[in-house]
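These are the residues of each chain, in order.
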Amino acid sequence: MKIQDDPHPKPSCKKVYDHDKIELLIKNYDASLNEWKRYQYWNPKEEYTRNLIATDNKHFTLMLLCWNPKMGSPIHNHSGCDCFMRIIKGEIIETRYVYPKDDKFHKKIVEAGSVDDGKWSGLDVIQESKLVEGDVRWINDMMGVHKMENEHEVEGSVTMHCYIPPYAVCHTFEKKKDGKMEIEESEMSYATEHGNIK
Ligand SMILES: [Fe+2]
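Analysis parameters
- Residues numbered from 1 in each chain as written.
- Predicted model: local features only at pLDDT ≥ 70, side-chain atom pairs only at ≥ 80, totals over all residues.
- Helix = DSSP H or I, 4+ residues; strand = E, 2+ residues; numbered from the N terminus.
- Buried ≥ 20, exposed ≤ 12 C-beta atoms within 10 Å, placed from the backbone.
- Contact = placed C-beta atoms within 7 Å.
- Core = buried A, V, L, I, M, F, W, Y, C linked by C-beta atoms within 7 Å.
- Pairing = 2+ DSSP bridges.

Caption draft 1: View of the overall build of the protein. Tallying secondary structure elements over the protein gives 2 helices and 15 strands in all. Split into buried and exposed, the 198 residues of the protein put 28% on the buried side. The long-range share in the protein, meaning contacts at least 24 apart out of those at least 6 apart in sequence, stands at 80%.

And the structure:
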């Protein structure tokens, strides 16, 4: 297991761009035109695929995620970026958790790579939401960490995500069967870029 460099929550960049404008743009995106379909890519061997639509590698990254039925993401942070998400097709259950801010907690996981005192009972849930087509949400480290799941038995779900600014690495939080929590670095990778399989 890789020990993370810095899993602390990082401040939002919300003040340096027009947050409301971006949110409105994403809300107003007309998914019925089906433009997004040329970026969708499904891989039954993966929980979900990340598909790059556009990025300038500096200010933003726009991507389409295709979630297989009964699949989801691990709990993860957003490495100081603001993440907007729009449900394009299907439904997603989003669960948000309090970002573990306790310094001792962090010192321990940074040093050991896991919490091993057996007392960890999971991150505290802030809210669980059922998101449906057209819904838009946003999150950053100051607001917590989250996971997303497609709970449908047979139907895939599609979400569009805009990250401001782009990020290369995030951290995932996972409770192992032995009760320990592991935090790992997860590198951003794509199944397709600009509609082309990598
Ligand atoms: Fe996320």
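Moving on from the coordinates now.
Caption draft 2: Representation of the nonpolar core. Within the largest apolar cluster, 15 residues are counted, with the highest numbers of intra-cluster contacts made by Ile53, Met63, Leu64, Leu65 and Cys66. In terms of residue count, the dominant contributor to this core is strand S2 (residues 61-67) (5 residues). Ignoring anything within four residues of it in the chain, the contact list for Cys66 reads Gln40, Tyr41, Trp42, Tyr48, Thr49, Asn51, Gly156 and Val158.

Caption draft 3: Geometry of the sheet that holds strand S15 (residues 196-197). Across the sheet, 7 strands lie side by side as S9-S5-S11-S2-S1-S14-S15; this open sheet has mixed pairing. Each edge of the sheet is formed by a strand with only one pairing partner; in this case those strands are strand S9 (136-139) and S15. Looking at chain direction, strand S5 (residues 82-89) and strand S11 (residues 157-164) are connected through 7 bridges and run antiparallel. Pairing of Arg86 across the sheet is with Met160, part of S11.

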